[in-house]
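Per-entry structural report
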Number of protein chains: 2
Amino acid sequence: MAGAMGSTSSSSRMRALNRALESGALSQVSRMLNHTLSSAELGHLLESSPPHTRKVLWELLEKKKQSTILPFLGDDLIADVLRDMSAEEVADVTSDEDIDIDDVVDILQILPERVTQDVLNAMDDQNRQRIEAILSFPEDTAGGLMNTDTVTIRPDITLDVVLRYLRRHESIPATTDTLVVVNRKDELIGLLPISKLLVTDPSITVREIMETDFPRITADTPDDHVAQLFEREDLVSAPVVDKEGRLLGRITIDDVVDVIREDADHSLMSMAGLDEDDDIFAPVLKTSRRRAIWLGINLLTAFIASAVIGIFEQTLDKVVALAILMPIVASMGGIAGSQTLTLVIRGIATGHIRQNNLRWLLSREVLVGLLNGLLWGLAVAVAAALWFSDPKIGIIIGTALIINLVVAVFSGSMLPSLLKSINIDPALAGSVLLTTITDVVGYFVFLGLATAFYSFA
Amino acid sequence: MAGAMGSTSSSSRMRALNRALESGALSQVSRMLNHTLSSAELGHLLESSPPHTRKVLWELLEKKKQSTILPFLGDDLIADVLRDMSAEEVADVTSDEDIDIDDVVDILQILPERVTQDVLNAMDDQNRQRIEAILSFPEDTAGGLMNTDTVTIRPDITLDVVLRYLRRHESIPATTDTLVVVNRKDELIGLLPISKLLVTDPSITVREIMETDFPRITADTPDDHVAQLFEREDLVSAPVVDKEGRLLGRITIDDVVDVIREDADHSLMSMAGLDEDDDIFAPVLKTSRRRAIWLGINLLTAFIASAVIGIFEQTLDKVVALAILMPIVASMGGIAGSQTLTLVIRGIATGHIRQNNLRWLLSREVLVGLLNGLLWGLAVAVAAALWFSDPKIGIIIGTALIINLVVAVFSGSMLPSLLKSINIDPALAGSVLLTTITDVVGYFVFLGLATAFYSFA
């Protein structure tokens, strides 16, 4: 963590840099960029800068410094930055010894397939082999998340030998809280926590004190399962094995933290039709294009709702109060439904909601919807009846509200697992589908009830 | 990490437990609970169980086991579980040596003030003093997050002495990746990473190799700043000091991971009017009460929208097509606005958006809103004109859509920092306010334009 800096002094340095940038003192900016700020701070600075400033900053950075910043940038930004580089330049930048191998893999996975191959060809053999080993696993698995910098020891040596062996190293990899014990076949047989190594009599052998009861993470374990495991068991690092139990590498908490953050952000951003990997400061056209699709899909659902309203044109023509009140029913359904939807999406993501407790949750939600429907249905009924001096319209809107709230919470509970079972991301499609349902049902029930009531009158 | 278990075998054990529960084999369930499953797994199991099952499980647990599970439960559940215990029992449970002191503090902070005091009085002096030291800091600061189990050393001893000193310990605290170097006044002067201790010649002194360039976190640093620092600098632990630079304790990554998860979940849950600390499996009445308030607030905003529509009663009475089309304008504004709102809320939470780049973002968003308004405004105009064979209605809805989209993205960009400046949580109030704005503006502009157009005709 050399180069890490204090939060207070860090923000004061950032302010100084901003002042220098605004006054156009580029040589001063350049000095600060290359010598004062850490790579993490620079990454944050670039992520927080509009396109033009970002370009100026990047060009003021020394080549060597540029490469150390890459692991701190989002996918969108890395793609931007590497687009103008040749395969050799990318290979050069990513071969820098200050970058972890798993970060290099992350970077390569952002590039187009063809470019990745060129970059790999431009690397030296040892680097290429290590990277190809990780690249062979999907990005969202333990294999894609792991690093190959594991420190391994044999079970039959004494701790004294371990200590002397470690002392022969120049350095040991960051976030090494355990040494991995393997046998001759490279099979994982135990873990030696460094905290244990430090407090134990050096004449004891590794086998006597190594831990054997710990998570065996295989390379194909999904990354969100890995994150749940780290979070639940407070792990700092964990070894990854292949199907035969042979050691492949290890996962460290810093990469897991990224998974946790992205996973939680994913639900939030997807529900608004955004991508958590998108650059916040992307230029106008890129942003417009991405948002246009989402708005287009929602326009389609809005037209479906309008078509439903259109069915009742004659009723609306007779009773204008219906037009005034109808958005209430649809909007309350949308609100109640998205509460349930949000709860269930997060519950599934954190592993708290599964098939066996979903039924309980569904009946709880329907009861909650019914109770709140009765409460607010009554309130709306009274308010509407008083507003239009017409008790009939009160009964109609109150009933419609109750029905729509129950349908809303039912849909909100069921949609996520239904969508998941057909491999559609519930966070992305759930809210659009839910609004369509609550709009259609809301308008249909309200105007349908009104048509029935008023045609009898 | 003793007792941590493999992800695969863990889920098979959970299945076995569920089978035993369903078949009512309680003695078998009891054996599994108390001897096979880890505290973390039990915590997850309780969190994922409906109230009745949860009660059965809890009562089958041995007292000793109950206490180790507490740190793995959510706030809501801890409050439930401790409600029926006496202060002495809580003191007993929380004095268990297997619980970290910071977890005890978290638990005490959930209890009512009066109970906390009783529990503290029932503790032994040493425990009480350590806990009161942390309790004196707000929960959402570095002081409230820290633990007091720091291993400290003096700068002028050799590494050999350090190694011998450590060996005198029974164990060193979990997640100790650095030893903290303090002077005689207990002032923090450096850090000695254990990874460095292990590879360096033992005759060298601590002062020669200790790191001095690292984050100085003071006790009053907000917890989200701490989380950003850990995430940016890939820290595993960091010392906390008071204003004079004296060591108070240290923060470990496992607690920071909780902050990161809660922080990200907070935005998602608050935008739907939910609380991230709420128990997913809370009973019907508790859930209904919590949701009722949110629905009531939204009902109020829906009535405001209706009141706006009511202004144009006469126009609606003349042209029924307006009633059919008006939800489109409001809903598209809501969608576009909440995209911007979500982006800005996350950007502020992660520290990427500040006052100095908000202006750029605002103009980008307005341009994006304008471009998408032009695109979809044209599409809607053509569709509406064809549907009702009336070019006038096409022009009206197209214009209204453009205006509402621009207002929506402008509001979405500005609301979070405005709300923050008056100390209101943007994630909680932002979406309600935004929908009110996009509904009111959407209906007003569309029906207002229509009134102007059709009264001339």
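Going by what an unreviewed UniProt entry lists, chain A is known as Magnesium transporter MgtE and is assigned to Litoribrevibacter albus. Its UniProt record gives chain A a comment under Subunit (unreviewed entry), which states: "Homodimer."

For the rest of this paragraph, the subject is the overall build of chain A. Summing up its helical and strand segments, chain A has 22 helices and 6 strands in all. By the compact-globule yardstick of 23 Å for 457 residues, chain A is too spread out, its C-alpha radius of gyration being 29 Å. Dimensions of chain A, computed from C-alpha atoms along their principal axes, come out at roughly 95 × 60 × 45 Å. Considering only residue pairs separated by 6 or more positions, chain A has 66% of its internal contacts joining residues 24 or more positions apart. Carbon and sulfur atoms make up 57% of the accessible area of chain A, which amounts to about 18,900 Å² in all. Distance between charge centroids for chain A: 2 Å, based on 38 positive and 62 negative side chains.

A few words now on the UniProt feature "domain: CBS" (unreviewed entry) in chain A. Residue and element names in this part refer to chain A. Cross-referencing UniProt, the feature "domain: CBS" (unreviewed entry) maps to residues 146–209 and 210–268 in the present numbering. Summarising residues 146–209: 30% helix, 20% strand, and an end-to-end C-alpha distance of 26 Å. Secondary structure across residues 210–268 divides into 46% helix and 22% strand, with the first and last C-alpha atoms of the span separated by 42 Å.

Residue and element names in this part refer to chain A. Between helix α19 (residues 320–349) and helix α20 (residues 355–387), the shortest axis-to-axis distance is 12 Å and the interhelical angle comes to 160 degrees. Taken together, the axes of α19 and α20 lie roughly antiparallel to each other. Once α19 is placed against α20, the crossing between them reads as right-handed. On α20, the residues that touch I324, L325, M332, T340, L343 and V344 of α19 are L361, R364, E365, W376, A384 and W387. Per-class residue counts for the contact of α19 with α20 are 9 nonpolar, 1 polar and 2 charged.

All names here are of chain A. With 97% of its residues at a pLDDT of 70 or more, chain A has an overall mean of 88. Mean pLDDT across the elements of chain A ranges from a minimum in helix α1 (residues 7–23), with 71, to a maximum in helix α21 (residues 391–421), with 96. Scored below 50 in pLDDT, residues 1–8 makes 28 contacts in the model with residues more than four places away or belonging to other chains.

Moving on, we get to the sheet that holds strand β3 (residues 188–193) of chain A. All names here are of chain A. What the 3 strands build is an open sheet, ordered β1-β2-β3; its pairing is mixed. A single partner strand is all that each edge strand has here, and the edge strands are β1 (152–153) and β3. Judged from the 5 bridges that link them, strand β2 (residues 178–182) and β3 form a sheet pairing that is antiparallel. Of the residues in β3, the one forming a bridge with V181 is G190.

Looking now at the nonpolar core. L316, M326 and F446 of chain A together with L316, M326 and F446 of chain B are the most contacted members of the largest nonpolar core, which totals 87 residues. Dropping the residues within four chain positions of it, M326 of chain B is found in contact with A323, M326 and P327 of chain A together with I309, L316, Y443, F446 and L447 of chain B.

The positions that UniProt labels "transmembrane region" (unreviewed entry) are, in the present scheme, residues 292–312, 324–345, 366–387, 393–415 and 427–454 of chain A. Across residues 366–387 of chain A, the secondary structure splits into 100% helix and 0% strand, with the terminal C-alpha atoms separated by 30 Å.

Moving on: the sheet that holds strand β5 (residues 237–241) of chain A. Residue and element names in this part refer to chain A. If you trace the 3 strands from one edge of the open sheet to the other, you get β4-β5-β6, paired in mixed fashion. The sheet is open, and its two edges are formed by β4 (217–218) and β6 (247–252), each paired on a single side. Taken together, the 5 bridges between β5 and β6 define a ladder with antiparallel strand orientation. In the sheet register, P239 faces β6, and the bridge partner there is R250.

To continue, consider the side chain of S413 of chain A. Mapped onto the elements of the fold, S413 of chain A is located in helix α21. Given the relative accessible area of 0%, S413 of chain A is considered buried.

This part takes up a negative patch on the surface. All names here are of chain A. A surface patch of like charges, here negative, comprises D106, E139, D140, D258 and E262. With respect to the helices and strands, the residue E262 is situated in helix α16 (residues 253–271). E262 sits in the partly exposed class, given a relative accessible area of 39%.

What follows concerns the side chain of R346 of chain B. With respect to the helices and strands, R346 of chain B occurs in helix α19 (residues 320–349). Residue classification places R346 of chain B among the buried positions, given a relative accessible area of 3%. Residues contacting R346 of chain B, with those up to four places away along its chain left out, are R261, D265, L268 and M269 of chain A together with D263, A264 and S267 of chain B.

Once that is clear, we can look at helix α16 (residues 253–271) of chain B. Residue and element names in this part refer to chain B. An ideal rise of 1.5 Å per residue puts 27 Å on 19 residues; α16 measures up with 27 Å between its terminal C-alpha atoms. At D265, α16 shows its strongest bend, of approximately 25 degrees. By the criterion of burial, α16 is predominantly enclosed, with 16 of the 19 residues buried. Just past α16, the residue G273 takes up positive phi, approximately 70 degrees.

Another point: the pattern of salt bridges. All names here are of chain A. This model, assessed by the stated rule, comprises 38 salt bridges over all chains. Of the charged contacts in the structure, one is a salt bridge between K286 and D76, with a shortest N-O distance of 4.0 Å. Within this pair, whereas K286 is found in helix α17 (residues 284–311), its partner D76 is found in helix α6 (residues 75–83), the two being separated by 210 residues in sequence. Grouping residues by exposure puts K286 and D76 together as buried. R207 is the salt-bridge partner of D156, the closest N and O atoms lying 3.1 Å from each other.

Next up on the list: unusual backbone geometry. Residues and elements named next belong to chain A. The backbone of T175 shows a phi angle near 60 degrees, a positive value even though the residue is not glycine. Note on placement: T175 falls in the loop between α12 (159–167) and β2. A positive phi angle, near 60 degrees, is found at N423, a position not held by glycine. As for its placement among the helices and strands, N423 is situated in the loop between α21 and α22 (426–456). On the basis of relative accessibility, which here comes to 74%, the residue N423 falls in the exposed class.

Moving on, we get to the packing of helix α8 (residues 101–110) of chain B against helix α10 (residues 125–135) of chain B. All names here are of chain B. Interhelical geometry of α8 versus α10 gives an angle of 70 degrees and a closest axis separation of 10 Å. With respect to α10, the element α8 is oriented roughly perpendicular. For the pair α8 and α10, the crossing hand works out as right-handed. Within the contact between the two elements, α8 uses I101, V104, V105, L108 and Q109 and α10 uses N127, R130, I131, I134 and L135. Of the residues assigned to the contact of α8 with α10, the class counts are 7 nonpolar, 2 polar and 1 charged.

Another point: the relation of the copies chain A and chain B. Under the fitted operation, chain A is carried onto chain B by 0.0 Å of movement along the axis and a turn of 180 degrees, and the coordinates agree to an RMSD of 0.1 Å. Within this description, the copies of the chain are treated as partners about a two-fold rotation axis. Using C-alpha coordinates, one finds that chain A approaches the rotation axis most closely at L268 of chain A, a distance of 2.5 Å. Most of the interface of chain A is mirrored in chain B: 100% of its interface residues are interface residues there too.

A few words on the packing of aromatic side chains. For the structure shown, the criterion picks out 8 aromatic pairs over all chains. Aromatic pair F281 of chain A and W360 of chain B: ring centres 5.8 Å apart, planes at 45 degrees, arrangement tilted. With one member in each of two chains, F281 of chain A in the loop between α16 and α17 and W360 of chain B in helix α20 (residues 355–387) form a pair that bridges those chains. Assessed through its relative accessible area of 0%, F281 of chain A is described here as buried.

Definitions and limits used
- Residues numbered from 1 in each chain as written.
- Chains lettered and ligands numbered in written order.
- Predicted model: local features only at pLDDT ≥ 70, side-chain atom pairs only at ≥ 80, totals over all residues.
- Heavy atoms only, no water.
- UniProt positions renumbered as here; feature names shortened; annotations may be inferred.
- Helix = DSSP H or I, 4+ residues; strand = E, 2+ residues; numbered from the N terminus.
- Rg over C-alpha atoms; globule rule 2.2 N^0.38 Å.
- Contact = heavy atoms within 4.5 Å.
- Areas by Shrake-Rupley, 256 points an atom, 1.4 Å probe, with all protein chains shown as cover.
- Lys, Arg positive; Asp, Glu negative; His and termini not counted.
- Charge placed at Lys NZ, Arg CZ, Asp CG, Glu CD.
- Axes fitted to C-alpha atoms, helices over the stretch in contact; angles between N-to-C directions.
- Parallel < 35°, antiparallel > 145°, perpendicular 65-115°, else oblique.
- Left-handed = near helix turned anticlockwise from the far one by under 90°.
- Nonpolar A, V, L, I, M, F, W, Y, C, P; charged D, E, K, R; others polar.
- pLDDT = per-residue confidence, 0-100.
- Pairing = 2+ DSSP bridges.
- Core = buried A, V, L, I, M, F, W, Y, C linked by side-chain atoms within 4.5 Å.
- Buried < 20%, exposed > 50% of the residue type's maximum accessible area, 1.4 Å probe, protein only.
- Patch = residues over 30% accessible without salt bridge, like charges linked within 9 Å, V, L, I, M, F, W, Y side chains within 5 Å.
- Salt bridge = Lys/Arg side-chain N within 4 Å of Asp/Glu carboxyl O.
- Expected span 1.5 Å × (residues − 1).
- Bend = angle between axes of the 7 residues up to and from the residue.
- Least-squares fit on C-alpha atoms with pLDDT ≥ 70 in both.
- Phe/Tyr/Trp six-rings, centres within 6.5 Å; stacked < 30°, edge-to-face > 60°.

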